[in-house]
Amino acid sequence: MRKRLTKIFGTQIISQFPNLPEGVTLNVVLKNGHTFFGKPEAVTPDTLHIRDNRNHPHAIPVTAIDLIIYDTVNAY
């Protein structure tokens, strides 16, 4: 049975971003323990841009990200 949750570690964000399923919602866990939840918009070598459910944009430094988790079943 295939696992539903997919994890991307901080060092893999730039290379894995183009492979994210369309419409996926991300849980972005920072190294300090804070978590952001939202849809990805763009990634640069320095920053991940997501938009949360309240339509607020967040620019998260890639160096601050510990882990990104998303559910492959709900990615439609």
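None of the values given here were measured: they were computed from a predicted structure.

**Observations concerning the pairing of strand E3 (residues 35–43)**
Working step 1: Sheet analysis places strand E2 (residues 26–30) next to E3, joined by 4 bridges and oriented antiparallel. Each bridged residue has a counterpart across the sheet, and for Leu26 the counterpart in E3 is Gly38.
Working step 2: Counted between consecutive antiparallel strands, the loop separating E2 from E3 contains 4 residues, among which Gly33 sits at a positive phi close to 100 degrees.
Working step 3: As paired strands, E3 and strand E4 (residues 47–51) are joined by 4 bridges and run antiparallel to one another.

**Some thoughts on the sheet that holds E4**
Working step 1: If you trace the 6 strands from one edge of the open sheet to the other, you get E1-E6-E2-E3-E4-E5, paired in antiparallel fashion. The sheet terminates laterally at strand E1 (5–9) and strand E5 (57–61), the two strands that pair on one side only. Across this sheet, the average inter-strand angle for adjacent strands is 40 degrees, counted without regard to direction.

**Considering the pattern of salt bridges**
Working step 1: This model, assessed by the stated rule, comprises 2 salt bridges.
Working step 2: Between Asp71 and Arg4 there is a salt bridge whose closest N-O contact spans 2.7 Å. Of the two residues, Asp71 sits in strand E6 (residues 65–71) while Arg4 sits in the segment before E1, which places them 67 residues apart along the sequence.
Working step 3: When its relative accessible area of 45% is taken as the criterion, Arg4 is described as partly exposed.

Parameters at a glance
- Residues numbered from 1 in each chain as written.
- Predicted model: local features only at pLDDT ≥ 70, side-chain atom pairs only at ≥ 80, totals over all residues.
- Heavy atoms only, no water.
- Pairing = 2+ DSSP bridges.
- Helix = DSSP H or I, 4+ residues; strand = E, 2+ residues; numbered from the N terminus.
- Axes fitted to C-alpha atoms, helices over the stretch in contact; angles between N-to-C directions.
- Salt bridge = Lys/Arg side-chain N within 4 Å of Asp/Glu carboxyl O.
- Buried < 20%, exposed > 50% of the residue type's maximum accessible area, 1.4 Å probe, protein only.

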